[in-house]
Each structure stands twice: as structure tokens, then as C-alpha cells.
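These are the residues of each chain, in order.
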Amino acid sequence: MAITLGELAVRFGLELAGDPGEAIDGVAPLGAAGPGKLAFCTGPRYRKQLAATRATAVVLPRELAADCPVAALISENPYASFARLAAGLHPPAPVKSGVAAGAQIAESATVAESAWIGPCAIIGAGVVIGERCSIGPNCVVEDGARLGDDCRLQAGVTICHDVAIGARCVFKPGAVIGSDGFGFAPDVDGYVKVPQLGSVRLGNDVDVGANTTIDRGTMEDTVIGDGVKLDNQVQVGHNCRIGAHTVVAGCVGISGSSIIGSRCMIGGAVGIVGHLEIGDGVIVTGFSMVTQSLPGPGIYSSGLPAIESATWRRTVARLHRLAREKKS
């Protein structure tokens, strides 16, 4: 369904430079967009693509408005504005209500009439499913778990027993929330499993990526704050706490009992050792190893970028020589 630029500008609070009657029916990349499409441009590096664009309109910062050959929606934060516009132009399909064939729902579970329980999903005893939730095929929601309104579980998600989830949370395929934390006490004959007696509590508007796992606490809960976004294949250990609106990129490992503040940005493949604290507003760049607490705010990095193998071997040899010289 097409929407005029004038309607979009009013609805999303943007300044329009151009014909308010022009119609938009979707979004597309700046270099590939054609008539009827909305694109976005975030900065001067895309000036060449902007000059050649065939889009009907472009979302951009004010400093590029004069260079735009088509209608412009001017924003202080073009990327965020484009995200809202794209969501408005391409809304998710509404949740259908009902229970699909093969789904199993315990008698003591409470499932809102507006919710959808997909094929072969299993809903355990005492579970509470809020309004307009969508539980995808082959999902498992174990005994005592609670989901707030408008949550969406895609295929194959597991919500373990007694986990508490806020409203409007999204879980991508294969996510596991509330599995046992990695707790084993060493003994003379090997290791003794430490019971994981806590749970997991998620706030509102949390997004959990595919095959991401969040372990339940040992005696206290693992806590994920409002608006946290976890990418694919992230591991959150037991007893961790992640503050509101923090984003964590793919393949990050967060060891148990770590505390991460609000509005942090953790880059891909970062490793965080346990029992440390990262303050609010901290940015950790990709492939870093965090081995001590980091006060916030600030930007932190570690590790070396890939270099030619022979150069790397020489560098490592020099480091070993330095260590030997220091001992002597």
C-alpha cells in the first residue's frame, strides 16, 4: 500500500523537501532504488550514489539536503528514521490467533485467546502466554515460564522452566533461554554439578538472535534489561546482568557473573571473563578480550588485526625475546 511523502513526514516527525503528494510503496538501497522507493543516505561517503539515485525520496541529514536530486526527508538521525519508516512501510504480518495441529498445551497453562500456538509447539504446566504472542513451530515453553504481550518466538525456540519474559520480545530460531549454567565444583574424583536454582528475567523489547543462549542463574537470576539486543550465537553465562539498551554482536561469549551496564556496544567475537563489571556507555571493539573491569564510558580494544604470516611469526619471536630479556 502506497503512502505519500507528506503522510510519512507528519507521521514520523521529519522535514520534507519535495512534493508531499509523491507516493512511496517500499524501501530499497540508495544505488538500486527506483520510482516509488525510499532510500537513505547517512553521510558524505555516499554522495556519489546520492547524486545518481533514482529513488523517489531519500532520508538524509540536513547537510546533504542540497545535494539530493530527488525529494528529501531530513532527519537528525537518518539511520534510525529510515528504520522506523521501513517498519511502517513493511509491517510484520499480524499474529493470527488459535492453536495449530500437533501443538500440546497443558491444562494448567494460561494462553491468551489472541495468541498463536504453532505446529508441534509444547506449552508446559502453569505457563502464561500474553496477548498476541506468536509461538512458532517446534517451540518449547517449559513449566512455569511467563511471556508478556506481543512476544514472538520463531521456529525451534526453547524457553526453560520458570523464565520470566517481558513484552514485545523477539526470539530467533534456535534460541535457548534458561538452560543450566556451567557450574561444576572440582573434587578428588572429578567434578560435582552445582544445581542451577535461579532463573532468567528479561525486560521489555529484548531481541535474541538465532542460536543464542542465556543461562539461568545458580542461586540468583540472570537479568537482561529493557531494549537489549543480542545477535546470533551469543553466549550469556549464569548470573550475568546486562543493562538496558545494550547491544551485543555475534559470537560474543560472556562468562558467568559478569555485569554489563546500560547502552554498551559489544563488538563481534568479544570474550568477557567472569566476575567483572563493565560500566555504562562502554564500547568494546570486535575480537577484544576483556579480562578486567572497564569503567564507563569509553572505547576499549585488544588483539591484533591479521597480518602476513611471516611478519606475525617475527613479531611473536620479538615478544618472546623481550620476555626473556626482562627475566634476565
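Above this note sits the structure.
This is a predicted model, so every value here is computed, not measured.

What about the overall build of the protein chain?
On a plain count of helices and strands, the protein chain comes out with four helices and 39 strands. By its C-alpha atoms, the protein chain is 80 × 70 × 30 Å across when sized along the principal axes. A total of 328 residues make up the protein chain; the buried ones form 41% of that total. Nonlocal contacts in the protein chain, meaning residues at least 24 apart in sequence, comprise 17% of its contacts between residues at least 6 apart. If you sum the accessible surface of the protein chain, you get close to 16,900 Å²; carbon and sulfur atoms cover 56% of it. Each charge sign in the protein chain was given a centre, from 27 positive and 30 negative side chains, and these centres are 11 Å apart.

Observations regarding the sheet that holds strand S35 (residues 271-272)
With parallel pairing, ten strands are arranged side by side in an open sheet as S9-S12-S15-S18-S21-S26-S29-S32-S35-S38. On the outer flanks of this sheet lie strand S9 (104-105) and strand S38 (289-290), each paired with one strand and no other.

Quick look at unusual backbone geometry
The peptide bond linking Gly296 to Pro297 adopts the cis configuration, its omega dihedral lying at -10°. Assignment of secondary structure puts Pro297 in the loop between S38 and strand S39 (298-300). Backbone geometry places His245, a non-glycine residue, at a positive phi of 65°. Mapped onto the elements of the fold, His245 is located in the loop between strand S30 (241-242) and strand S31 (247-248). What makes His245 partly exposed here is its relative accessible area of 39%.

Brief notes about the packing of aromatic side chains
Counting across every chain of the model gives three aromatic pairs. Ring plane angle 20° and centroid distance 5.6 Å describe the contact between Phe40 and Tyr79, whose orientation is recorded as stacked. Highlighted residues: Phe40 in strand S5 (residues 37-40) and Tyr79 in helix H3 (residues 78-89), separated in sequence by 39 residues. Residue classification places Phe40 among the partly exposed residues on the basis of a relative accessible area of 26%. The exposure class of Tyr79 is exposed, given its relative accessible area of 57%. Aromatic side chains Phe182 and Phe184 sit 5.3 Å apart centroid to centroid with 65° between the ring planes, which places their arrangement in the edge-to-face category.

Overview of the nonpolar core
Grouped together as the largest cluster of nonpolar side chains are 51 residues, with contacts concentrated most on Ile159 and Phe171. Those elements that place two or more of their residues in this core are strand S24 (200-202) and strand S37 (282-284). In terms of nonpolar packing, the next biggest core, distinct from the first, is built from 15 residues, Ala9, Leu14, Ala57 and Phe82 among them.

Things to note about the layout of surface pockets
With a probe scaled to a water molecule rolled over the atoms, the places where space remains empty come into view. Computed from the structure, the largest pocket encloses a volume of approximately 440 Å³. Residues belonging to the lining of the largest pocket are distributed by class as follows: four nonpolar, no polar and seven charged. The space that makes up the second largest pocket amounts to roughly 360 Å³. Taken together, Asn77, Tyr79, Ala80, Ala83, Arg84, Ala87, Pro91 and Pro92 make up the lining of the second largest pocket. Counted by class, the lining of the second largest pocket contains six nonpolar, one polar and one charged residues.

Quick look at the side chain of Thr53
With respect to the element layout, Thr53 can be found in the loop between helix H2 (47-52) and strand S6 (57-60). For Thr53, a relative accessible area of 9% puts it in the buried group. A polar side-chain atom of Thr53 sits 3.2 Å from the main-chain amide nitrogen of Ala55. The contacts of Thr53, once residues within four sequence positions are left out, are Leu30, Val58, Pro69 and Val70.

So, the pairing of strand S22 (residues 184-187)
Here S22 pairs with strand S23 (residues 190-193) via four bridges, running antiparallel. Within S23, the residue paired with Pro186 across the bridge is Tyr191. The antiparallel pairing of S22 with S23 creates a hairpin that spans two residues between the two strands.

Here's the deal with H3
The end-to-end C-alpha distance of H3 is 16 Å, a good match for the 16 Å that twelve residues give at a rise of 1.5 Å each. Those residues of H3 lying buried are Pro78, Ser81, Phe82, Leu85, Ala86 and Leu89. Each buried residue of H3 lies within a common arc of 135° when the element is viewed along its axis, so the set occupies one face. Residues of H3 that are exposed and point more than 90 degrees away from the buried face comprise Tyr79 and Arg84.

The rules behind each value
- Residue numbers run consecutively from 1 along every chain, following the written order of its sequence.
- Thresholds applied to this predicted model are a pLDDT of at least 70 for local features of residues and 80 or more for the giving and counting of side-chain atom pairs; totals over whole chains, interfaces and linings are not thresholded and use all residues.
- Excluding hydrogens and water, the side-chain values take into account all heavy atoms of the structure.
- The way it works is that DSSP assigns letters per residue, a run of H or I at least four long becomes a helix, a run of E at least two long becomes a strand, and they are numbered from the N terminus.
- Buried means the residue's accessible area, taken with a 1.4 Å probe over protein chains only, is under 20% of the maximum for its type, while exposed means over 50%, and partly exposed covers the values in between.
- A contact between two residues is defined here by any heavy atoms of the two lying within 4.5 Å.
- Only the protein chains shown count as cover for residues, and the accessible areas themselves come from Shrake-Rupley with a 1.4 Å probe.
- Here Asp and Glu are counted as negative and Lys and Arg as positive; His is not counted, and neither are the chain ends.
- Here the site of a charge means atom NZ of a Lys, CZ of an Arg, CG of an Asp or CD of a Glu.
- Two strands are counted as paired when DSSP detects at least two bridges linking them.
- Aromatic rings from Phe, Tyr and Trp, taking only the six-membered ring of Trp, are treated as a pair when their centres fall within 6.5 Å; an angle between ring planes under 30 degrees marks them as stacked, one over 60 as edge-to-face, and anything in between as tilted.
- Among buried residues, those of type Ala, Val, Leu, Ile, Met, Phe, Trp, Tyr and Cys that are joined through side-chain atoms within 4.5 Å constitute a nonpolar core.
- Method remark: on a 1 Å grid restricted to protein atoms, a set of points is classed as a cavity if a 1.4 Å probe fits but cannot get out and as a pocket if it is open with protein on both sides within 12 Å along at least five of seven lines; lining residues have an atom within 4 Å of a point.
- Grid points are joined across faces, edges and corners, and a volume is the space filled by probe spheres set on the points.
- Residue classes follow a fixed rule: Ala, Val, Leu, Ile, Met, Phe, Trp, Tyr, Cys and Pro count as nonpolar, while Asp, Glu, Lys and Arg count as charged, and any other residue, Gly among them, counts as polar.
- Two N or O atoms form a polar contact when they lie within 3.5 Å of each other; inside protein one atom must be a possible hydrogen donor and the other a possible acceptor, and for residues adjacent in sequence the pair counts only when both atoms belong to side chains.
- Expected span of a helix: the number of residues minus one, times 1.5 Å.
- Arc, as used here, means the arc of the directions from the helix axis to the C-beta atoms.

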